[in-house]
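Each chain, letter by letter, is given below.
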Amino acid sequence: MAVNAIDRTRRLLSLVTYLRDRPGARVDEVARAFGVTSDELISDLQVLPMCGTSFRGGDLLDIDTDGERIWWYNAEAVGDDAGRPLRLAADEATALLVAARAVATLPGLRDSDRDALLRATAKLEAAAGETAAASSRLSVTFESEGGVFADIDRAIAERRRVWIRYYSPGRDRLTDREIDPIRLFAVGHTYVEAWCRRSEARRTFRLDRVASIEVLDTPAEPPPVEPRDLSAGLVQPAAGDPQVVIEVGPGGRWVAEYYPHDTAEELSDGGLRITLRTADPATLRRLALRLGGDGRIVSPPALAQSAREAAREALAAYGG
């Protein structure tokens, strides 16, 4: 079942109460109680330590896990004795007010959520007094990704199809697609996992590459699929994917840190000969251009020739 940001927030809040009453709870039992996988629960547990009654020392939730059990070392932070009125410093109140006003302007935000946010903002303004007046002189504008996130989050909640105009860097072109969104997730960047009606297959789209978006009235009907296991990262080459060999100099050794690979052999000049697999070798042309003199594609020969031609075209565009 797809879970949007609002649903996950509700689950995180329920986790706090659940774990407070169950010190040393087992990961598998908690995951079963909340209807999620152990990996999804571990991901939630990595978020909870950033929450608390304030960002000051001792007020954040001190929750940890060894993979089998969950330990909460300061459960009293949200216990019955922690009901003292929350006091915000001027900078904290200003940050909250500016953020709340900015979020309220996001396109795609559900009306009920916007109304609740505006009511909470009004109460905070009344309590903040002069600080509220100062915060009104500040404003935040979100990048387009924020609007895309809100639209997709709403489409998931309402189970509606989405039309997107998407930039594919490997092909260097825009394509129009209709997708049935399944879930949002973040691995470095924010992505939506969806069933693509253009390819009739599951695809992953990076939100900052969505040039245009429209939530359609058509119901979303993705086929039942298991969410991808992202514990090993977003890029997980298959054994049958084409093999590519790249040689890099000392300045290009970072490639072995960022790209999953089969082997990385040391070269006499301090560089590496890296063998990796990719479902779409053409996407590595951009890597070759980025490396410049610090690396080159060795094989397959057709890809190496394509990278050389791309480099010549780039040089020609700059007059040499």
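Residues numbered from 1 in each chain as written. Predicted model: local features only at pLDDT ≥ 70, side-chain atom pairs only at ≥ 80, totals over all residues. Heavy atoms only, no water.

Going by an unreviewed UniProt entry, the protein carries the name WYL domain-containing protein and comes from Streptomyces bohaiensis.

Looking at the sheet that holds strand β11 (residues 295-299)
This is how the line gets drawn: Pairing between two strands requires that DSSP report at least two bridges joining them. In this text, helices come from DSSP runs of H or I with a minimum length of four residues, and strands from runs of E with a minimum of two, each type numbered from the N-terminal end. Helix axes use the C-alpha atoms of the stretch in contact, all axes being lines fitted to C-alpha atoms, and the angles between their N-to-C directions lie in the range 0 to 180 degrees. Only heavy atoms enter the contact rule, under which two residues are in contact if any of them lie within 4.5 Å.
Spatial strand order, β9-β10-β8-β11: 4 strands in an open sheet with antiparallel pairing. In this open sheet, the two strands that pair with only one neighbour each are β9 (263-266) and β11. On average, each strand axis in the sheet is inclined to that of its neighbour by 20°, with strand direction left out of account. Of the strand pairs in this sheet, β9 and strand β10 (residues 272-277) are connected by 4 bridges, and their pairing is antiparallel. Within β10, the residue paired with E266 across the bridge is L272. Sheet strands in contact with helix α9 (residues 284-291) are β8 (243-248), β10 and β11, and its direction is about 5° off that of β8.

Let's talk about the packing of α9 against helix α10 (residues 301-317)
Defined as follows: The scheme is simple: roughly parallel for angles under 35 degrees, roughly antiparallel for over 145, roughly perpendicular for 65 to 115, oblique for anything else. What makes a crossing left-handed is the near helix being turned counterclockwise from the far one by less than a right angle; a clockwise turn instead makes it right-handed. All amino acids are sorted into three groups, where Ala, Val, Leu, Ile, Met, Phe, Trp, Tyr, Cys and Pro are nonpolar, Asp, Glu, Lys and Arg are charged, and the leftover types, Gly among them, are polar.
Orientation of α9 relative to α10, taken along the N-to-C sense of each, is 55°, at an axis distance of 9 Å. Classed by the angle they form, the pair α9 and α10 counts as oblique. Handedness of the crossing formed by α9 with α10: right-handed. Contacts from R285, A288 and L289 of α9 reach α10 at L303, S306, A307, A310 and A311. By residue class, the composition of the contact of α9 with α10 is 6 nonpolar, 1 polar and 1 charged.

What to know about the packing of helix α2 (residues 27-34) against helix α3 (residues 38-47)
Packing of α2 against α3 leaves a shortest axis separation of 9 Å and a crossing angle of 95°. Viewed along their axes, α2 and α3 adopt a mutual orientation that is roughly perpendicular. Residues V27, D28, V30 and A31 of α2 pack against S38, L41 and I42 of α3. Residues that form the contact of α2 with α3 fall into these classes: 5 nonpolar, 1 polar and 1 charged.

Some remarks on the side chain of R183
For the record, the criterion: Type-normalised accessible area, obtained with a 1.4 Å probe on protein chains alone, sets the label of each residue: buried when under 20%, exposed when over 50%, and partly exposed for intermediate values. Counting of polar contacts relies on pairs of N or O atoms within 3.5 Å, with two restrictions inside protein: one atom must be capable of donating a hydrogen and the other of accepting it, and residues adjacent in sequence are counted only when both atoms are side-chain atoms.
With respect to the helices and strands, R183 occurs in strand β4 (residues 173-187). Owing to a relative accessible area of 14%, R183 belongs among the buried residues under this scheme. Within polar-contact distance, the side chain of R183 engages the side chain of E193 at 2.6 Å.

Description of the packing of aromatic side chains
Rules: In summary, the pairing rule links any two rings of Phe, Tyr or Trp, Trp by its six-membered ring, whose centres are within 6.5 Å, and it sorts them by plane angle into stacked for under 30 degrees, edge-to-face for over 60 and tilted for everything else. Note on criteria: charge over ring means Lys NZ or Arg CZ within 6 Å of the ring centre, with the direction from the centre no more than 35 degrees off the ring normal.
Summed over all chains, the structure comprises 3 aromatic pairs. Between Y18 and F34 the ring centres are 5.2 Å apart and the planes differ by 80°, which places this aromatic pair in the edge-to-face class. One end of the pair, Y18, is in helix α1 (residues 5-20); the other, F34, is in helix α2, and 16 residues separate them in sequence. Taking 5.0 Å as the distance between ring centres and 80° as the angle between the ring planes, the aromatic pair formed by Y166 and F205 counts as edge-to-face. Here the residue Y166 occupies a position in strand β3 (residues 160-168), and F205 occupies one in strand β6 (residues 201-206), the gap between them amounting to 39 residues. Y166 gets classed as buried once you look at its relative accessible area, which sits at 8%. Against the face of Y18 rests R22, its NZ or CZ located 3.8 Å from the ring centre.

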